[in-house]
Amino acid sequence: MEFAVISRGDEVSEAKKEIVTQYLNGQGFNYNQVFPRVVIAIGGDGTVLQAFHTYKHRLESTAFIAYNTGHLGFYSDWDNVESLLEAIVDSSLITVEYPLVQAEVEADGQTVTYQALNDVTIKGVKGSVQIDVRLNNHHFESFKGDGLCISSPSGSTGYNKSLGGAIVHPSLEIIQLSEMASINNRVYRTIGSSLVIPKHHILTLLPKADTYMLSVDHESFPVESIQQLTCSVAKEKIRFLRCRSFPFWNRVKEAFISLNDCEPRGGR
Ligand code: NAP
């Protein structure tokens, strides 16, 4: 089996990368950075985002393993390298699929499509922004405020959670729209709650100004002459290879409430 490893680059992650690579090579697996069937992300959630964006063009044939070496590691199932290697060699991993956000940006007469594992955000370059929000091509509200965040279920614990959005189990194929500091008064009015939007429904954002800051997961960049941003649940999903013993709600509890009383991650 072809595999690749992406490390956060710190000393601990690099050392684990070396162990994983040497061991799997010795077991007849082939290191293949271009066409891997399995990508092992060693680090934290930032490393998982990096791995996803490196291989998002081959989601059909590539699965991901998230190995935590500190920081939060919300996506990670593993923090014991021996157990992980044993599980890979024994093929005792299970596959789970998580939905992604698809965002089509129309700017300057061109359409560019992005996929996000966590979220897409749109903000102003300076000050507040005005954005018309349409659902399935019907006007819903006119937003004015700092910006908007469109998250996936697994990204709902990221930026979306800080914005007061709901935490969504990744078995639900939805995207969520959350407001960043909306202005609500006699002149401007928005719903004020996050909206959970199902598969096949289309969210269209029509910005009023010209240049906006867009973020797709960990990357952010300015987009000039933006006409509209269309978001939906992506057709493709990301596949993670996991151990059975670390369900999503345990992951949420461990990350945000308490490390105690939680079922262990794989191999602990
Ligand atoms: P970062 O600023 O270096 O780290 C953001 C923090 O969020 C890290 O602790 C990271 O975990 C954690 N994280 C990432 N994805 C998560 C998820 N799905 N659930 C729970 N926690 C998560 O940024 P980054 O590592 O490049 O990640 C980019 C993400 O940061 C964005 O997609 C967005 O969701 C989030 N973000 C949040 C805020 C906010 O809450 N105010 C603002 C901007 C961006 P690790 O330590 O394990 O990497």
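Bear in mind the structure is a predicted one, so any value in this text is a computation, not a measurement. (Residues numbered from 1 in each chain as written. Predicted model: local features only at pLDDT ≥ 70, side-chain atom pairs only at ≥ 80, totals over all residues. Heavy atoms only, no water.)

Helix and strand counts for the chain stand at five helices and 15 strands. The C-alpha radius of gyration of the chain comes to 20 Å, within 12% of the 18 Å expected for a compact globule of 268 residues. In terms of its C-alpha atoms, the chain occupies a principal-axis envelope of roughly 65 × 45 × 35 Å. Within the chain, buried positions represent 48% of all 268 residues. Look at the contacts in the chain between residues 6 or more apart in sequence, and 68% of them connect residues 24 or more apart. In the form shown here, the chain has an accessible surface area of approximately 12,600 Å², with 48% of it arising from carbon and sulfur atoms. For the chain, the distance from the average site of its 24 positive side-chain charges to the average site of its 30 negative ones is 5 Å. (Helix = DSSP H or I, 4+ residues; strand = E, 2+ residues; numbered from the N terminus. Rg over C-alpha atoms; globule rule 2.2 N^0.38 Å. Buried < 20%, exposed > 50% of the residue type's maximum accessible area, 1.4 Å probe, protein only. Contact = heavy atoms within 4.5 Å. Areas by Shrake-Rupley, 256 points an atom, 1.4 Å probe, with all protein chains shown as cover. Lys, Arg positive; Asp, Glu negative; His and termini not counted. Charge placed at Lys NZ, Arg CZ, Asp CG, Glu CD.)

With that settled, the discussion passes to the packing of helix α1 (residues 11-26) against helix α3 (residues 81-90). It is at 11 Å that the axes of α1 and α3 come closest, and there the two elements cross at 30°. The angle between α1 and α3 falls in the class roughly parallel. The element α1 and its partner α3 pack so that their crossing is right-handed. Every residue of α3 that contacts α1 at Lys16, Ile19, Val20, Tyr23 and Leu24 is listed here: Val81, Leu85, Ile88 and Val89. (Axes fitted to C-alpha atoms, helices over the stretch in contact; angles between N-to-C directions. Parallel < 35°, antiparallel > 145°, perpendicular 65-115°, else oblique. Left-handed = near helix turned anticlockwise from the far one by under 90°.)

Around the ligand, the surrounding shell holds 19 residues, and the nearest of these are Asp45, Gly73, Asp119, Thr157 and Ser162. In this structure, Asp45 approaches the ligand through a main-chain N or O atom, which is 2.8 Å from an oxygen atom. Between a nitrogen atom of the ligand and a main-chain N or O atom of Ser154, the distance comes to 3.0 Å. Look at the ligand: alone it shows 840 Å² of surface, and the protein chains cover 65% of it. If you list the elements that add at least two residues to the shell around the ligand, you get α2 (45-55) and α4 (159-162). For the shell around the ligand, the element with the highest residue contribution is α2, accounting for three residues. Its residues assigned to classes, the shell around the ligand shows five nonpolar, eleven polar and three charged. (Near = heavy atom within 4 Å. Polar contact = N/O pair within 3.5 Å; in protein donor to acceptor, adjacent residues only side chain to side chain. Nonpolar A, V, L, I, M, F, W, Y, C, P; charged D, E, K, R; others polar.)

Size it by volume and the largest pocket reaches roughly 210 Å³. In this structure, the largest pocket is lined by 15 residues; those nearest its centre are Met1, Val38, Ser91, Leu93 and Leu241. If you list the elements that add at least two residues to the lining of the largest pocket, you get β4 (63-68) and β15 (226-242). For the lining of the largest pocket, the per-class residue count stands at eight nonpolar, five polar and two charged. Computed from the structure, the second largest pocket encloses a volume of approximately 160 Å³. Lining the second largest pocket are 14 residues, and of these Val96, Tyr98, Arg242, Pro247 and Phe248 sit closest to its centre. Residue assignment for the lining of the second largest pocket shows that the elements contributing at least two residues are β5 (94-107) and α5 (248-256). When residues of the lining of the second largest pocket are assigned to their parent elements, the largest contribution, three residues, is made by β5. Partitioning the lining of the second largest pocket into residue classes produces eight nonpolar, two polar and four charged. Each of domain 1 (2-93 + 243-256) and domain 2 (100-235) gives at least three residues to the lining of the second largest pocket. (1 Å grid on protein atoms, 1.4 Å probe; cavity = no way out; pocket = protein on both sides within 12 Å on 5 of 7 lines; lining within 4 Å. Points joined across faces, edges and corners; volume = space filled by probe spheres on them. Domains from an automatic or database assignment.)

Alternating positions in strand β11 (residues 195-198) separate cleanly, Leu195 and Ile197 being buried on one face and Val196 and Pro198 remaining unburied on the opposite face. Note that strand β10 (residues 174-182) and β11 share four bridges and pair antiparallel. Bridge pairing links Gln176 to Val196 in β11. (Pairing = 2+ DSSP bridges.)

To continue, consider a nonpolar patch on the surface. Taken together, Leu72, Phe256 and Ile257 make up a surface patch of nonpolar side chains, about 300 Å² in accessible area. As for its placement among the helices and strands, Ile257 is situated in the segment after α5. Relative accessible area serves as the criterion here: at 69%, Ile257 is assigned to the exposed category. (Patch = residues over 30% accessible without salt bridge, like charges linked within 9 Å, V, L, I, M, F, W, Y side chains within 5 Å. Salt bridge = Lys/Arg side-chain N within 4 Å of Asp/Glu carboxyl O.)

Along its sequence, the chain is carved into domain 1 (2-93 + 243-256) and domain 2 (100-235). The C-alpha centroid of domain 2 is placed 29 Å from the C-alpha centroid of domain 1. Together, the buried faces of domain 1 and domain 2 total about 1,200 Å²; carbon and sulfur atoms form 75% of this surface. There are zero salt bridges connecting domain 1 and domain 2. Contributing elements (two or more residues each) for the side of domain 1 that touches domain 2: α2 and α5. Here the side of domain 1 that touches domain 2 takes five residues from α2, the largest share from any one element. A breakdown of the residues in the side of domain 1 that touches domain 2 according to their chemical character gives ten nonpolar, two polar and one charged. (Buried area = accessible area lost by both parts, 1.4 Å probe.)

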